[in-house]
Amino acid sequence: MTGRIDIVSIFPGYLAPLELSLVGKARQDGLLDVTVHDLRDWTSDRHRTVDDTPFGGGAGMVMRPDVWGHALDEVLGEQDTPAGQSLLIPTPAGERFTQAMAEELALQVCAGGQLAIACGRYEGIDARVAEHYAEQEHVTVREVSIGDYVLNGGEVAALVITEAVARLLPGVIGNPQSLVEESHGSAGLLEYPVYTKPPSWRGLEVPEVLRSGDHGRIGTWRRSRAVERTARRRPDLLVRHAPPQVRLAKGVD
Ligand code: ADE
């Protein structure tokens, strides 16, 4: 079943990369239906206004709930699916977008559900928009951040989310085995380092074990490199996957 992703933005051109590469091919092959909408199509004034000054004062502008309401009523209203709908609102103030969330959303899209992404700009979208759609029976609203930094708007996050979800859909990646061992997969480790030809390059050699043909030794080597790399670069991941006593001692959870 083909699910769909709808992205609403005041800069639809920002989402043009979704026509390229794996996501573009998945769309062409009918594995995924992605539609990009221009928020300004739902404005009603001559200037096509989408924002206004914040109540309570402060810098910048806030996106108006009435314009977003018209847009999202239409985008979410087109769909009536038992697989449900997720409305994602990218914001640096959101919960962290993770591989686990991408997997959850891919399952929903794959079952014929809908993923809508509302890209805010300026100081963000009036908070009542998230509140209102969270009250709708078939809609799950999630405000998500793709990392601890501030972007100019939700469009880059929408690209990130769409790619992370699309590549998990059946048929999108040529070799599904490549999904199995990658970083942030179920083992909770970063991926081991990889090498290809030539075996010697600028005085640097490919580790001998990888050319040994001994798959037992190769597996052991890769796992220990993955653990070592994770311990050095992302010790938080090791702690998160550690036994409950260790997590308790480190104050995780
Ligand atoms: N909009 C601005 N910054 C963002 C971030 N880090 N994640 C998601 N959306 C954003």
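Residues numbered from 1 in each chain as written. Predicted model: local features only at pLDDT ≥ 70, side-chain atom pairs only at ≥ 80, totals over all residues. Heavy atoms only, no water.

(A) Structural view of the sheet that holds strand 1 (residues 4-9). Read across the open sheet, the 5 strands follow the order 2-1-6-5-7; overall the sheet is parallel. Edge positions in the open sheet fall to strand 2 (33-38) and strand 7 (139-145), since each of these has one partner strand only. Strand-to-strand twist of the sheet, defined as the mean angle between neighbouring strand axes without regard to direction, takes the value 25°. Where strand 5 (residues 85-96) meets strand 7, 8 bridges bridge the pair, whose relative direction is parallel. Residue pairing across strands places Leu 87 opposite Val 141, the latter belonging to strand 7. (Pairing = 2+ DSSP bridges. Helix = DSSP H or I, 4+ residues; strand = E, 2+ residues; numbered from the N terminus. Axes fitted to C-alpha atoms, helices over the stretch in contact; angles between N-to-C directions.)

(B) Highlighting the site of the ligand. For the ligand, the full set of nearby residues is Pro 90, Thr 91, Pro 92, Val 144, Ser 145, Ile 146, Gly 147, Tyr 149, Val 150, Leu 151, Gly 153 and Ala 157. Contact between the ligand and Thr 91: a nitrogen atom at 3.1 Å from a main-chain N or O atom of the residue. Between the ligand and Ile 146, the relevant distance is 3.0 Å, taken from a nitrogen atom to a main-chain nitrogen or oxygen of the residue. A total of 260 Å² of accessible area belongs to the ligand in isolation, and the protein chains cover 96% of it. Contributing elements (two or more residues each) for the shell around the ligand: strand 5 and strand 7. Per-class residue counts for the shell around the ligand are 8 nonpolar, 4 polar and no charged. (Near = heavy atom within 4 Å. Polar contact = N/O pair within 3.5 Å; in protein donor to acceptor, adjacent residues only side chain to side chain. Areas by Shrake-Rupley, 256 points an atom, 1.4 Å probe, with all protein chains shown as cover. Nonpolar A, V, L, I, M, F, W, Y, C, P; charged D, E, K, R; others polar.)

(C) Up close: the nonpolar core. Ranked by size, the top nonpolar core spans 29 residues in total, and within it Ile 7, Leu 32, Phe 97, Leu 115, Ile 117, Ile 161 and Val 165 carry the most contacts. When contributions to this core are tallied by element, the ones reaching two or more residues are strand 1, helix 1 (21-28), helix 3 (99-110), strand 6 (114-118) and helix 5 (155-166). Take this core: its biggest share by element is 7 residues, from helix 5. Excluding anything up to four places from it in sequence, Leu 32 contacts Thr 2, Gly 3, Ile 5, Val 23, Ala 26, Arg 27, Val 109, Ala 166 and Leu 169. Counting 21 residues, the second largest nonpolar core, distinct from the first, contains Val 67, Val 129, Ala 130 and Val 139. (Core = buried A, V, L, I, M, F, W, Y, C linked by side-chain atoms within 4.5 Å. Buried < 20%, exposed > 50% of the residue type's maximum accessible area, 1.4 Å probe, protein only. Contact = heavy atoms within 4.5 Å.)

None of the figures reported here should be taken as evidence of function without further support.
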